[in-house]
Amino acid sequence: MRPAVRPPGGTPRRFRLADWAAAAQAAFLAAVGGKRTPLAVSYIITNRCNSQCAYCDRWKKADPGLSTEQACDLLAGLRRLGTRFLQITGGEPFLREDLAVVVRRARELSLHTGVNTNGSLLKANAGVLRHLDRLCLSLDGPPEVHEKIRPKGAHWQVEEAIAIAADHGVPVSLNVTLTRFNTAHVDYLLDFAAAKGVAISFQPADVHALSSARPNEAAGDRDEVRRAFGRLEERKRDRARMENGFLELSYMRKWPGPQGVCCAGGRLFFRIESNGDVMVCGLKERGGEFPNVLRDGLEAALEAVPFPDCDACFSSTRLRINLLYSALRLNRGVILDWLGGRRP
Ligand code: SF4
């Protein structure tokens, strides 16, 4: 393996004891006292995108975007209120010319920071990697599958981005959304990740296109998605490496049916849109008025986010937090499943 050529400026931050301690404290206070802490925040830095995938309408939205200064102030405010984990996403974040400035600010604030990208602009902007803790790339399957809903050459761009990140010593995670095109390709995806030495996680495609109420034509047949999660459980038992735990896989297999989890959205995690609107997750962004960090101030906006009445989580990272939160809330079903007494 080639040695990393990460220029001076910092190495990726691992989760530290202090991060886990802060997470445990926030989760405990949320569960017993209902306290809100923006422990994990997903920030959509831009709606602009150069991919324009079939299952996403975000790139059709206006993109007022926060200024560089507003974005950096937002991060400082979040850190002050307890944020430890920051995921910068889009759109395509690398279309923001100031991405390096914002990510550097996140590093200064000791936020554990990842960026979601399609990888297409990484080569020209590899300097951003100096300040990053994790690069997250979307992958759907082999080239003919990946490029069914993405531009030609997109698969090769993912491979190139993995190599560039490796050169800079930045861990990569592949995000797989299971659609009707790729439920038969989970083995390819696991083997691809293993061959490249990168992490991988799976989640089902929402039944609506991202950022709109339009039905998602790429959403998978429910039974096929369920079978794909069953296959992932089998592979996990055979020690295939993936970020989803057994419990998450078995709960995802139930989706979009009720899962019996308590959502920690609005208590432990938030999502901030490019215009400063605050919500829980993508499922809650279809229309309506939202608290806004510019209009209401960050603290008031976070406090005003309604708690979701939702019990069917399609987001792998949020489901992980929701399961932990449910156990702390003494959710009997989740605790029994956790202890292995019952499979959902
Ligand atoms: S449970 Fe529902 S509202 Fe909560 S994070 Fe998951 S999908 Fe979003």
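Residues numbered from 1 in each chain as written. Predicted model: local features only at pLDDT ≥ 70, side-chain atom pairs only at ≥ 80, totals over all residues.

Re the overall build of the protein chain
In terms of regular secondary structure, the protein chain is built from 12 helices and eight strands. Expressed along its principal axes, the backbone C-alpha trace of the protein chain runs to roughly 50 × 50 × 40 Å. For the protein chain, long-range pairs separated by at least 24 residues make up 75% of all intrachain contacts whose partners lie at least 6 apart in sequence. (Helix = DSSP H or I, 4+ residues; strand = E, 2+ residues; numbered from the N terminus. Contact = placed C-beta atoms within 7 Å.)

Concerning the nonpolar core
Of all hydrophobic cores here, the largest spans 97 residues; its most connected members are L135, L268 and V278. Broken down by element, the residue count for this core peaks at six residues, all from helix α5 (residues 154-167). Ignoring anything within four residues of it in the chain, the contact list for L135 reads V115, T117, A161, A165, V170 and V172. (Core = buried A, V, L, I, M, F, W, Y, C linked by C-beta atoms within 7 Å. Buried ≥ 20, exposed ≤ 12 C-beta atoms within 10 Å, placed from the backbone.)

Quick word on α5
The end-to-end C-alpha distance of α5 is 20 Å, a good match for the 20 Å that 14 residues give at a rise of 1.5 Å each. Three or more residues of α5 are buried, namely A154, H155, Q157, V158, A161, I162, A165 and A166. On the buried face of α5, the contacting elements are β4 (134-138), α4 (143-146), β5 (172-178) and α6 (186-196). Within two residues after α5, G169 carries a phi angle of roughly 75 degrees, on the positive side. (Expected span 1.5 Å × (residues − 1).)

Overview of the pairing of strand β6 (residues 199-204)
As judged from the six bridges shared by β5 and β6, these two strands associate in the parallel manner. Its bridge partner lying in β6, L178 is registered against P204. Note that the unit made of β5, α6 and β6 has a crossover that is right-handed. (Pairing = 2+ DSSP bridges. Right-handed = clockwise from strand over helix to strand, strands pointing away.)

Focus: the site of the ligand
In the vicinity of the ligand there are 13 residues, among which C263, C281, P308, C310 and C313 approach most closely. Grouping the amino acids of the shell around the ligand by side-chain chemistry returns eight nonpolar, three polar and two charged. (Near = placed C-beta within 6 Å. Nonpolar A, V, L, I, M, F, W, Y, C, P; charged D, E, K, R; others polar.)

Remarks on the environment of G282
Along the chain, G282 turns up in the loop between β8 (278-279) and α9 (293-296). C-alpha of G282 to C-alpha of L66: the two residues are 216 residues apart in sequence and 19 Å apart in space.

Here we look at the sheet that holds strand β2 (residues 85-89)
The strand order across the open sheet built from eight strands is β6-β5-β4-β3-β2-β1-β7-β8, with neighbouring strands paired in mixed fashion. Sheet topology places β6 and β8 at the edges, where each strand pairs with a single neighbour. The strands touched by α5 are β4 and β5; relative to β4, the strand with the most contacts, the crossing angle is about 170 degrees. (Axes fitted to C-alpha atoms, helices over the stretch in contact; angles between N-to-C directions.)

Brief notes about the environment of A26
By the element assignment, A26 lies in helix α1 (residues 17-33). For A26, a count of 22 C-beta atoms within 10 Å puts it in the buried group. Separated by 10 residues in the primary sequence, A26 and R36 place their C-alpha atoms 7.9 Å from one another. The residues touching A26, leaving out its near neighbours within four places in the chain, are T37, L39, G82 and L268.

Regarding the packing of helix α7 (residues 222-237) against helix α8 (residues 246-254)
Axis angle and axis distance: for two packed helices, these are the angle between their axes and the distance between the axes, and together they describe the pair. Look at α7 against α8: their axes get within 8 Å of each other, and the N-to-C directions meet at 165 degrees. Overall, the two elements α7 and α8 adopt an arrangement that is roughly antiparallel. Relative to α8, the crossing made by α7 is left-handed. Seen from α7, the contacting residues are R226, F229, G230, L232, E233 and K236; seen from α8, they are F246, L249, S250, M252 and R253. Class assignment for the residues of the contact of α7 with α8 results in five nonpolar, two polar and four charged. (Parallel < 35°, antiparallel > 145°, perpendicular 65-115°, else oblique. Left-handed = near helix turned anticlockwise from the far one by under 90°.)

Observations regarding unusual backbone geometry
In the segment running from G90 into G91, the intervening peptide bond is cis, with an omega of 15 degrees. With an omega dihedral of 5 degrees, the bond running from W255 to P256 counts as a cis peptide bond. Counting through the fold element by element, P256 comes out in the loop between α8 and β7 (269-272). Phi is positive for S110, which is not a glycine, with a value near 60 degrees. Considering the arrangement of structural elements, one finds S110 in the loop between α3 (99-108) and β3 (112-117). When the 13 C-beta atoms within 10 Å are taken as the criterion, S110 is described as partly exposed. Of note in this structure, R239 is not a glycine but carries a positive phi near 75 degrees.

Quick look at the packing of α8 against helix α11 (residues 316-328)
Across the interface, α8 lies against α11 with an axial gap of 10 Å and an inter-helix angle of 110 degrees. In terms of orientation, α8 and α11 fall into the roughly perpendicular class. From α8, L247, E248, Y251 and M252 reach across to α11, where they touch S316, L319, R320 and L323. A per-class count over the contact of α8 with α11 returns five nonpolar, one polar and two charged.

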